[in-house]
Amino acid sequence: MALTVQNFIKLANLYNQVAMMMSAICVQKGGIATENYAGRFFVADTLEFVYEYGRRLMESDKKSVPPDVAAVIEKFRVQYERIKDMVTPTQKPIYEMTLEEFERAMNI
């Protein structure tokens, strides 16, 4: 996928729809807090992906990013900073793992 403003807007809309759906599910389930919703990790991963896409877009061609889109990227950065402890951790390469981590990753 080429880094374009149009693709970022599509991804941002996707994230906003997912976040809205999560809120609706939490309300329907009796008003549970979003912090207690099992799907919060997926939503956090989605936000991380969308923010990272926007960050890379800004790095690659800042001049082509309109100010309103740059503001959305900054908004996502602030949101991501608040929830970054909930995203799925990136797995370490095998050569950086301890023996225990390797055994756990390989389910030995």
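Residues numbered from 1 in each chain as written. Predicted model: local features only at pLDDT ≥ 70, side-chain atom pairs only at ≥ 80, totals over all residues. Heavy atoms only, no water.

Focus on the overall build of the protein
Using the following cut-off: Secondary structure elements follow DSSP: runs of H or I of four or more residues count as helices, runs of E of two or more count as strands, with numbering from the N terminus. The globule rule used here is 2.2 Å times the number of residues to the 0.38 power, and the radius of gyration it is set against is calculated over C-alpha atoms. Residue contacts are defined here by distance: any two heavy atoms, one from each residue, within 4.5 Å place the two residues in contact. The Shrake-Rupley method, run with a 1.4 Å probe sphere, supplies the accessible areas, and residue values consider only the shown protein chains as cover.
Counting secondary structure elements, the protein contains 4 helices and 0 strands. Computed over C-alpha atoms, the radius of gyration of the protein comes to 17 Å, more than 25% over the 13 Å expected from 2.2 N^0.38 for 108 residues, which places it beyond the range of a compact globule. Taking the principal axes of the C-alpha coordinates as reference, the protein spans close to 50 × 45 × 25 Å. The long-range fraction of contacts in the protein, counting pairs at least 24 apart against all pairs at least 6 apart in sequence, stands at 67%. Only carbon and sulfur atoms are counted for the fraction: they give 58% of the accessible area of the protein, which is about 7,800 Å².

Re the environment of Gly54
Considering the arrangement of structural elements, one finds Gly54 in helix H2 (residues 40–60). In this structure, the C-alpha to C-alpha distance between Gly54 and Pro89, residues 35 residues apart in sequence, is 20 Å.

Let's talk about the packing of helix H1 (residues 5–28) against H2
Short version of the rule: Working convention: axes come from line fits to C-alpha atoms, limited for helices to the stretch in contact. Angles between N-to-C directions cover 0 to 180 degrees. For this classification, under 35 degrees means roughly parallel, over 145 means roughly antiparallel, 65 to 115 means roughly perpendicular, and everything else is oblique. A crossing counts as left-handed when the near helix is turned anticlockwise from the far one by less than a right angle, and as right-handed when that turn is clockwise. Gly is placed with the polar residues, together with every amino acid not listed as nonpolar (Ala, Val, Leu, Ile, Met, Phe, Trp, Tyr, Cys and Pro) or charged (Asp, Glu, Lys and Arg).
The geometry of H1 relative to H2 is characterised by a closest axis approach of 10 Å and an angle of 160° between their N-to-C directions. Between H1 and H2, the angle is such that the two are roughly antiparallel. Seen along the crossing, H1 lies across H2 with a hand that is left-handed. Packed against H1, whose contacting residues are Val5, Asn7, Phe8, Leu11, Ala12, Tyr15, Val18 and Met22, the element H2 presents Arg40, Phe42, Val43, Thr46, Leu47, Phe49, Val50, Tyr53, Gly54 and Leu57 at the interface. Broken down by class, the residue content of the contact of H1 with H2 amounts to 14 nonpolar, 3 polar and 1 charged.

Thoughts on helix H3 (residues 67–83)
To be explicit about the condition: Helix span, as expected, comes to 1.5 Å for every residue beyond the first. Buried residues are those whose accessible area, probed at 1.4 Å on protein chains only, stays under 20% of the maximum for their type, while exposed residues exceed 50% and partly exposed ones sit between those limits. Here the arc refers to the directions that run from the helix axis out to each C-beta atom.
Look at H3: 25 Å from first C-alpha to last across 17 residues, which is about the 24 Å you get at 1.5 Å a residue. Listed in full, the buried residues belonging to H3 are Val69, Ile73, Phe76, Gln79, Tyr80 and Ile83. Taken end-on, H3 shows its buried residues confined to a sector of 125°, consistent with a single buried face. In H3, those exposed residues whose orientation departs by more than 90 degrees from the buried face are Pro67 and Arg82. Tucked into the core, H3 has its buried residues touching H1 and H2.

Thoughts on the packing of aromatic side chains
What counts here: Pairing of aromatic rings covers Phe, Tyr and Trp, the last counted by its six-membered ring, and requires centre-to-centre distances within 6.5 Å; plane angles under 30 degrees mean stacked, over 60 mean edge-to-face, and any other angle means tilted.
Counted by the stated rule, this structure contains 3 aromatic pairs. Summarising the aromatic geometry, the rings of Tyr51 and Tyr80 are spaced 5.6 Å apart at their centres and angled 20° between planes, so their arrangement reads as stacked. Here Tyr80 lies in helix H3 and Tyr51 lies in helix H2, a separation of 29 residues in the sequence. For the residue pair Tyr51 and Tyr80, the accessibility class agrees, reading buried in each case. Through a chain of ring-to-ring contacts, the aromatic side chains of Phe8, Tyr15 and Phe76 assemble into a single cluster.

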